[in-house]
Amino acid sequence: MPNRHYRKLAFTLALALIQISKQALDWDAQEDECSHFLVRQEWRSLSQAHKAEYIAAVKCTQSLPARSGFEAAQTRFDDFQAVHINVADEIHIVGHFLPWHRRFIKIHETTLREECGYRGAIPYWDWTLDADSLDSISESPIFDPVHGFGGDGVPGTYILPNDPDGTSELFPETFVGCVQDGPFASHKLHIGPGKLSTDHCLVRGLNDTYKGFLTSEAVAQTMEQPTFELFRVQLEGGGSNPYPAQHGSGHLIVGGDMGNLFSSPGDPLFHLHHANLDRLWWQWQEKDLPTRFLDISGRLHANSPRLTQVTLNYRLDFHTLAPPMSVRDTMDIQKPPFCYAYV
Ligand SMILES: *[C@@H]1O[C@H](CO)[C@@H](O)[C@H](O)[C@H]1NC(C)=O
Ligand SMILES: [Cu+2]
């Protein structure tokens, strides 16, 4: 009898120990696991109230003081533009283009939530829904003056300044005019166009020419690419791809600051476009996991004479916006600090 008692006690003790060690394990694992996930949705699937909340949060960043330390940046919103301009030459047409922008828009999402009380995830803009349609891009709900980001620039309302050193890649035909409807009609940008720092309106020049590169057929071709390098080039353009590709086309179909390599985060649509590119990258990664958690390649510098390849250890620079992060730590959106999903 005492023997049986003893065994029962030992069993109970063992169970308790298992519980405790499991808890200890969970505790250790906490930093590596997401406690909850944000669900990123397509803009037009948000409720009107949710859309309004997102736009209010973006406007909130435009009213908070800058923290990046860049002289031209006056607001929190400007900070993102300033940092992007500062590193633009190092983060485009390179292997780490997607990792850098994944982290950049995540910092934006966190800023909206922590500094502006936004409760949701950042939305994305699936432009295939517009490009597959026969309607002009200006008919897209994303450009709605009431439930969207306002529409096209009005011709004759904006004069493009001179670019004294000619390095800002300002294409005059894309800077059509000021956006004069919607929530950003009276917003003043302090940075841009290009690398310049000027006070100006939100400039656009919607251009249907780029619809052809943004169709679901074009995206399907991108998704079929067998290697990361082919996928990235097909999505971003550059390299052997002579077409503007989906990245460039999403920028240029909007035009104005959005169409500029440097000052593009001056248009709030920047984050929705890049969230969509990030979604496509994630969908491509998901086709072969866990292999594609480690799949990175491509040149390290756009103009590097030797085609040095980027590795998982490469450290991405976010200046004063956030600490540097290795490419490796950007590969899985189901891990902190990312913790989001796409629907
Ligand atoms: C649209 O883009 C094309 C290609 O860059 C350009 O040739 C054309 O001038 C643009 N059209 C308008 C109306 O801006
Ligand atoms: Cu960019």
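Scroll up to find the structure this text is about.
First things first, this report covers the structure right here in the doc. Here the structure is a predicted model, which means the values were calculated and not measured. (Residues numbered from 1 in each chain as written. Chains lettered and ligands numbered in written order. Predicted model: local features only at pLDDT ≥ 70, side-chain atom pairs only at ≥ 80, totals over all residues. Heavy atoms only, no water.)

Topic: the overall build of the protein chain
Across its full length, the protein chain holds nine helices and seven strands. When each of the 343 residues of the protein chain is scored for burial, the buried share is 52%. With an accessible surface of roughly 16,200 Å², the protein chain has 55% of that area assigned to carbon and sulfur atoms. (Helix = DSSP H or I, 4+ residues; strand = E, 2+ residues; numbered from the N terminus. Buried < 20%, exposed > 50% of the residue type's maximum accessible area, 1.4 Å probe, protein only. Areas by Shrake-Rupley, 256 points an atom, 1.4 Å probe, with all protein chains shown as cover.)

Details of the coordination of the copper ion (ligand 2)
Each donor-metal-donor angle would ideally measure 109.5 degrees in four-coordinate tetrahedral geometry, or 90 or 180 degrees in six-coordinate octahedral geometry. Bound to the copper ion (ligand 2) on the protein side are His84 (NE2), His92 (NE2) and His101 (NE2), at distances that span 2.0 to 2.1 Å. Sequence positions of the residues that donate to the copper ion (ligand 2) give the spacing H-x7-H-x8-H. Remark: His101 occurs in helix α4 (residues 97–116) and His84 occurs in helix α3 (residues 76–91); sequence separation between them is 17 residues. Here His84 matches His101 in class, with each residue buried. (Donors = N, O, S within 2.8 Å, 3.2 Å for Na, K, Ca; no water.)

Points about a negative patch on the surface
On the surface, Asp89, Glu90, Glu169 and Asp317 cluster together into a negatively charged patch. Looking at the secondary structure, you find Glu169 in the loop between β2 (153–155) and β3 (177–179). Look at Glu169 and you get partly exposed, because its relative accessible area is 41%. (Patch = residues over 30% accessible without salt bridge, like charges linked within 9 Å, V, L, I, M, F, W, Y side chains within 5 Å. Salt bridge = Lys/Arg side-chain N within 4 Å of Asp/Glu carboxyl O. Lys, Arg positive; Asp, Glu negative; His and termini not counted. Charge placed at Lys NZ, Arg CZ, Asp CG, Glu CD.)

Some remarks on helix α6 (residues 216–223)
Ala218, Val219, Thr222 and Met223 are the residues of α6 that are buried. The buried residues of α6 all sit within an arc of 140° when viewed along its axis, so they share a single face. On its buried face, α6 is in contact with α5 (128–131), α7 (228–236), α8 (245–252) and α9 (269–286). (Arc of directions from axis to C-beta. Contact = heavy atoms within 4.5 Å.)

Side note on the environment of Met258
Relative to the helices and strands, Met258 is located in the loop between α8 and α9. Taking the relative accessible area as the measure of exposure, Met258 reaches 0% and is therefore buried. Expressed as a C-alpha distance, the spacing of Met258 and Phe175, which sit 83 residues apart in the sequence, is 9.6 Å. With residues near it in sequence (within four places) discarded, Met258 still touches Gly250, His251, Ser264, Asp267, Leu269, Phe270 and His273.

Notes on the site of ligand 1
Around ligand 1, the structure places Glu173, Asn207, Thr209 and Tyr210. The side chain of Tyr210 places a nitrogen or oxygen atom 2.8 Å from an oxygen atom of ligand 1. Contact with the protein chains hides 43% of the accessible area of ligand 1, taken as 360 Å² for the molecule alone. Residue composition of the shell around ligand 1, grouped by class: one nonpolar, two polar and one charged. (Near = heavy atom within 4 Å. Polar contact = N/O pair within 3.5 Å; in protein donor to acceptor, adjacent residues only side chain to side chain. Nonpolar A, V, L, I, M, F, W, Y, C, P; charged D, E, K, R; others polar.)

A word on unusual backbone geometry
Cis geometry is found at the peptide bond from Leu289 to Pro290, where omega equals 5°. A positive phi angle is found at Glu169, which is not glycine, with a value near 50°. Even without being a glycine, His319 presents a positive backbone phi close to 50°. Among the structural elements, His319 can be located in the loop between β5 (315–316) and β6 (325–326). With a relative accessible area of 34%, His319 lands in the partly exposed category.

So, the environment of Ile91
Mapped onto the elements, Ile91 comes out in helix α3. Linking Ile91 and His301, residues 210 residues apart in sequence, is a C-alpha distance of 8.2 Å. The residues touching Ile91, leaving out its near neighbours within four places in the chain, are His84, His96, Phe97, Trp100 and His101.

Brief notes about the nonpolar core
Tyr54, Trp125, Phe149 and Phe318 are the most contacted members of the largest nonpolar core, which totals 74 residues. Looking at this core, the elements with two or more residues in it are α2 (48–61), α3, α4, α6, α7, α9 and β7 (340–342). Per-element accounting of this core gives the leading share, nine residues, to α9. Dropping the residues within four chain positions of it, Phe149 is found in contact with Trp43, Tyr54, Ile55, Ile142, Phe143, Asp144, Pro183, Phe184, Arg204, Pro268, Leu269 and Leu272. (Core = buried A, V, L, I, M, F, W, Y, C linked by side-chain atoms within 4.5 Å.)

Things to note about the sheet that holds β2
Backbone hydrogen bonds are what pair the strands of a sheet, in a parallel or an antiparallel way. Pairing in this open sheet of three strands is antiparallel, and the strands run β2-β3-β4 from one edge to the other. With partners counted over all chains shown, the strands left at the sheet margins are β2 and β4 (203–204), one partner each. Note that β3 and β4 share two bridges and pair antiparallel. Within β4, the residue paired with Cys178 across the bridge is Val203. (Pairing = 2+ DSSP bridges.)

Topic: the pattern of salt bridges
Applying the stated rule across the entire model yields 15 salt bridges. Salt-bridge contacts for Asp278 lead to Arg102; the nearest nitrogen and oxygen are separated by 2.6 Å. With Asp278 in helix α9 and Arg102 in helix α4, this pair connects stretches of sequence that are 176 residues apart. Asp278 gets classed as buried once you look at its relative accessible area, which sits at 2%.

Observations regarding the packing of α4 against α9
Closest axis-to-axis distance for the α4/α9 pair is 10 Å, and the angle between their directions is 125°. It follows that α4 is oblique to α9 by the angle criterion. The hand of the α4/α9 crossing is left-handed. Of the residues in α9, those touching α4 at Phe97, Leu98, Pro99, His101, Arg102, Phe104, Ile105 and His108 are Phe270, His271, His274, Ala275, Leu277, Asp278, Trp281, Trp282 and Gln285. (Axes fitted to C-alpha atoms, helices over the stretch in contact; angles between N-to-C directions. Parallel < 35°, antiparallel > 145°, perpendicular 65-115°, else oblique. Left-handed = near helix turned anticlockwise from the far one by under 90°.)

All quantities given are derived from atomic positions and should not be read as evidence of function.
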